[in-house]
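What the coordinates show
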Amino acid sequence: MARRLSLPEADLSCPICCDIFRDPVVLKCSHSFCGPCLQQYWTQQRQSRDCPLCRSQSADDPVPSLSLKNLCEAYLQDSEDPGETEENLYCEPEDMCRYHGEKLKLFCLSDKEPICVVCHTSRKHKQHECCPVSEAIVDVKEKMKSALSSLQKKRDAFNKVKTNYEKTVAHIEVQARFVERRTHEEFEKLRSFLQAEEEARMEALRQEEEQKSREMRQKIEEMERKVTSVSASISVLEEEMALDTISILHKCKRTLARANSPVEDPAMPPGALIDVAKHLGSLTFHVWEKMHKIIKYTPVTLDPNTAAPWLVLSDDLTSVCDSDEKQRLPDNPERFDPDTSVLACESFTSGKHTWDVSVGDNTAWVVGVAKESVQRKEKVSSVLMNGYLCVYFYHKMYFAGTSPLTRLNLKRNPQRIRVQLDCDKGKVSFYDPYDNTHIYTFKHTISEKVFPYFWVGCQQCPLIVEPLDVSVKAAGFC
């Protein structure tokens, strides 16, 4: 029995729809097409009938090709998996052209849409560059892969920021509890002072009350004795006055002498009453005046939101030192990292300002001012070109942060550094307050906010902002 020949599927495919021939016909030019595809093509052209491949005119009707039809049917029957053949022949609605009912096998690169072979020959897409759908799918998948990678990176970045936000929320709670505790401690200190002051004043009042009451009781007892003596004299005088005999004459001299003996008139002594004015006069002012002994005022306060994670600040925010352990703090934009620096919360753009910093035996420190625009997320030298106006001590040498650095030769190692800022004159001066020795002066226009700046690289000895003496005075009139 003769065996059927196996032909490539391309030889059995219609050039128009690219599928296996359906009712194939042949033109005089020997090109074959599906009968319906050729008729649809000629209908859309609305011109003289020509071959879709070679454009040769065809005046005669196309001739059905029975042999080609038989080959196509045999090819379909010889498929190893009939189910698979049916699946290949069947197309989902989305795979079919809604205008021509043909399978979408091309992708228009100009309009970015899948089209059928008939669409490709239409006016809308005739001059457009196209590629097979399979190639377009590969290209689109590559673009989607790139977009997916970009979105994944964005998601990772958003997750990282979200984690930082969550840490920030936790840190905000820690900060709130810290402020609560410190506020309670400070107010408790004030309450203890006020309570002690109240008790002292109540005790002074009780003592004055007891003293003056005791003096008055002594006066009362003295008056009672005098009243008793006078009453006795009155009784004797009344008895003798009742006598009608000569005996009254014998007793009158003595009786009259006793009755006429000099007696001081009773009078209220001065200062007998409670000195109410002394206790209540400007009471709150005098308490306030005494309160300054327990109040500490520092001209600048360290801002923990700017402190590098390695720095340890005191609870009262007046001292800072370095450490080996990096704290888990939010990476907020105000914070220095990795530089071990911290700013004060006060900023200045005008006026004169002074503060003292105790450096003690600290072996590595920087003190001065920094502009608001300084880089906080990278390690930079504390020099003028980077926005710093500072002096610093490192490797047992003193420098001024100029460009290049200026070596400072000091006669003694200062235990304190006084910073004097004059924004209006554009000057930042440094002194040793022990003998007011001048160390260095920067002359630089202050065109933006500047903050007191501290850098520390020593764990044993902190930098301390020294408090100022405070006093309470009432304004007088000349």
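Residues numbered from 1 in each chain as written. Predicted model: local features only at pLDDT ≥ 70, side-chain atom pairs only at ≥ 80, totals over all residues. Heavy atoms only, no water.

This paragraph deals with the overall build of the protein chain. Counting secondary structure elements, the protein chain contains 8 helices and 19 strands. By the compact-globule yardstick of 23 Å for 478 residues, the protein chain is too spread out, its C-alpha radius of gyration being 55 Å. Structurally, the protein chain occupies a C-alpha span of about 195 × 75 × 50 Å along its principal axes. Long-range pairs, those at least 24 residues apart, make up 58% of the contacts in the protein chain with a sequence separation of at least 6. When the accessible surface of the protein chain is summed, it comes to about 32200 Å², and 55% of that surface belongs to carbon and sulfur atoms. Distance from the positive charge centre (64 side chains) to the negative charge centre (72 side chains) of the protein chain: 5 Å. (Helix = DSSP H or I, 4+ residues; strand = E, 2+ residues; numbered from the N terminus. Rg over C-alpha atoms; globule rule 2.2 N^0.38 Å. Contact = heavy atoms within 4.5 Å. Areas by Shrake-Rupley, 256 points an atom, 1.4 Å probe, with all protein chains shown as cover. Lys, Arg positive; Asp, Glu negative; His and termini not counted. Charge placed at Lys NZ, Arg CZ, Asp CG, Glu CD.)

Soluble globular proteins tend to bury their nonpolar side chains together. Of all hydrophobic cores here, the largest spans 52 residues; its most connected members are Trp355, Trp365, Tyr453, Phe454 and Leu463. Those residues within four positions of Trp355 in sequence are excluded, and the remaining contacts are Pro299, Val300, Phe348, Gly368, Val369, Ile417, Arg418, Val419, Leu421, Pro452 and Phe454. By size, the runner-up hydrophobic cluster in this structure holds 26 residues, among which are Trp42, Cys51, Cys108 and Val117. (Core = buried A, V, L, I, M, F, W, Y, C linked by side-chain atoms within 4.5 Å. Buried < 20%, exposed > 50% of the residue type's maximum accessible area, 1.4 Å probe, protein only.)

Together, Lys352, Lys425, Lys427 and Lys443 make up a positively charged patch on the protein surface. Along the chain, the position of Lys425 falls in the loop between strand E15 (416–422) and strand E16 (427–432). (Patch = residues over 30% accessible without salt bridge, like charges linked within 9 Å, V, L, I, M, F, W, Y side chains within 5 Å. Salt bridge = Lys/Arg side-chain N within 4 Å of Asp/Glu carboxyl O.)

Trans peptide bonds make up the majority, and among non-glycine residues the majority have a negative phi. Along the chain, Asp337 connects to Pro338 via a cis peptide bond; the corresponding omega equals 20°. Within the fold, Pro338 resides in the loop between strand E8 (319–321) and strand E9 (341–343). The omega torsion across Ser403 and Pro404 is 0°, close enough to zero to call that bond cis. Residue position: Pro404 is located in the loop between strand E13 (397–400) and strand E14 (406–408). Despite not being glycine, Cys18 has its phi angle at roughly 65°, a positive value. With respect to the element layout, Cys18 can be found in the segment before strand E1 (24–26). Taking the relative accessible area as the measure of exposure, Cys18 reaches 31% and is therefore partly exposed.

This next bit is on the pattern of salt bridges. Across all of its chains, the model carries 25 salt bridges by this definition. A salt bridge links Asp23 to Lys69; the nearest nitrogen and oxygen atoms lie 3.9 Å apart. Highlighted residues: Asp23 in the segment before E1 and Lys69 in helix H2 (residues 66–77), separated in sequence by 46 residues. Overall, the relative accessible area of 48% leaves Asp23 in the partly exposed class. Its relative accessible area of 32% is what places Lys69 among the partly exposed residues. Each of Arg181, Arg182, Glu185, Glu186, Lys189 and Asp315 takes part in salt bridges that share partners, so that together they form one network.

Let us look at the side chain of Asp322. When you line up the elements, Asp322 lands in the loop between E8 and E9. One buried charge, Asp322, has no salt-bridge partner; the nearest side chain with opposite charge is Lys379, at 8.7 Å. Asp322 has contacts with Trp310, Leu311, Thr340, Val456, Gly457, Cys458 and Gln459, leaving out every residue within four places of it along the chain.

Secondary-structure assignment places Ser381 in the loop between strand E11 (365–371) and strand E12 (388–394). Sequence separation of Ser381 and Asp339 is 42 residues, and the distance between their C-alpha atoms is 9.5 Å. With residues up to four places along the chain from it excluded, the contact list for Ser381 reads Asn386 and Tyr388.

Right, let's talk about the pairing of E15 for a bit. Residues in a regular strand project their side chains so that they alternate between the two faces of the sheet. As judged from the 7 bridges shared by strand E10 (residues 352–358) and E15, these two strands associate in the antiparallel manner. Paired with His353 across the two strands is Leu421, which belongs to E15. Here 5 bridges tie E15 to E16, and the two strands are oriented antiparallel to one another. When the sheet's bridge partners are listed, Gln420 is paired in E16 with Ser429. Where E15 folds back onto E16 in an antiparallel hairpin, the turn is made up of 4 residues, including Gly426, whose phi is positive at roughly 65°. (Pairing = 2+ DSSP bridges.)

Attention now moves to the packing of aromatic side chains. Each aromatic ring pair is described using two quantities: the centre-to-centre distance and the angle formed by the ring planes. Scanning all chains against the criterion turns up 11 aromatic pairs. Relative to Phe442, the ring of Tyr440 lies with its centre 5.0 Å away and its plane at 70°, an arrangement referred to as edge-to-face. Accessibility classification places Tyr440 together with Phe442 in one group, the buried group. Sitting over the face of the ring of Tyr434, Arg412 holds its NZ or CZ atom 4.4 Å from the ring centroid. (Phe/Tyr/Trp six-rings, centres within 6.5 Å; stacked < 30°, edge-to-face > 60°. Lys NZ or Arg CZ within 6 Å of the ring centre and 35° of its normal.)

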